[in-house]
Amino acid sequence: ARRAAEATSPAEASLEAATAAPEEPATFVEPEGWRDAVQTTFTTATDGGKRIYWINEQSREEIFVGPLRPGADVRLNSYPGHEFHIYAGGEHLKTITIPLGLASAVFCA
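Residues numbered from 1 in each chain as written. Predicted model: local features only at pLDDT ≥ 70, side-chain atom pairs only at ≥ 80, totals over all residues. Heavy atoms only, no water.

Student: Any chance you could break down the pairing of strand S7 (residues 83-88) for me, citing the residues and the numbers?
Tutor: Successive side chains on a regular strand alternate, one facing one side of the sheet and the next facing the other. With respect to burial, S7 is a largely interior element, six of its six residues being buried. What you see with S7 is no split at all: Glu83, His85 and Tyr87 on one side and Phe84, Ile86 and Ala88 on the other are buried throughout. When strand S4 (residues 50-55) meets S7, the two strands line up antiparallel, connected through six bridges. Bridge pairing in S7 links tyrosine 53 to histidine 85. In this structure, S7 lies alongside strand S8 (residues 91-97), joined through six bridges in antiparallel fashion. For tyrosine 87, the partnering residue across the bridge sits in S8 and is histidine 92. Between S7 and S8, which pair antiparallel and follow one another directly, the connecting turn spans two residues, one of which, glycine 89, has a positive phi of 60°. (Buried < 20%, exposed > 50% of the residue type's maximum accessible area, 1.4 Å probe, protein only. Helix = DSSP H or I, 4+ residues; strand = E, 2+ residues; numbered from the N terminus. Pairing = 2+ DSSP bridges.)

Encoded structure:
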């Protein structure tokens, strides 16, 4: 997967704007015909420089969402089918895909 330096789609631009203000949850643009949003929380109990990336479905680029630290959950609105990668340092730890049929979800990394 490639990591993007700059967002090019409306969803990427929305994600970057939302992640620029850490007190606000990241928000994805809801394209016409998409399913209902899922209130998504990423949490960790261990330190280690973990980082969350959203995977653009079309380009497969990794878009940086933010750091993941103990006691500082990352909350955002996502959609079923969205994929996220969790890294610690340069190591890929986990891939998380938002499932269908949920109003909210919590993922531990």
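Student: Give a detailed account of the pairing of strand S3 (residues 38-43), specifying residues and quantitative values.
Tutor: Taken across its six residues, S3 has five buried, putting it largely inside the fold. Relative to strand S6 (residues 74-78), S3 runs antiparallel, the two sharing five bridges. Opposite glutamine 39, over in S6, you have asparagine 77 as the bridge partner. As judged from the five bridges shared by S3 and strand S9 (residues 104-108), these two strands associate in the parallel manner. When the bridges of S9 are listed, threonine 40 appears paired with alanine 105.

Student: Lay out unusual backbone geometry in plain terms, naming residues and giving numbers.
Tutor: A positive phi is found at arginine 60, a non-glycine position, where the angle reads about 65°. Mapping arginine 60 onto the fold places it in the loop between S4 and strand S5 (61-68). The exposure class of arginine 60 is partly exposed, given its relative accessible area of 37%.

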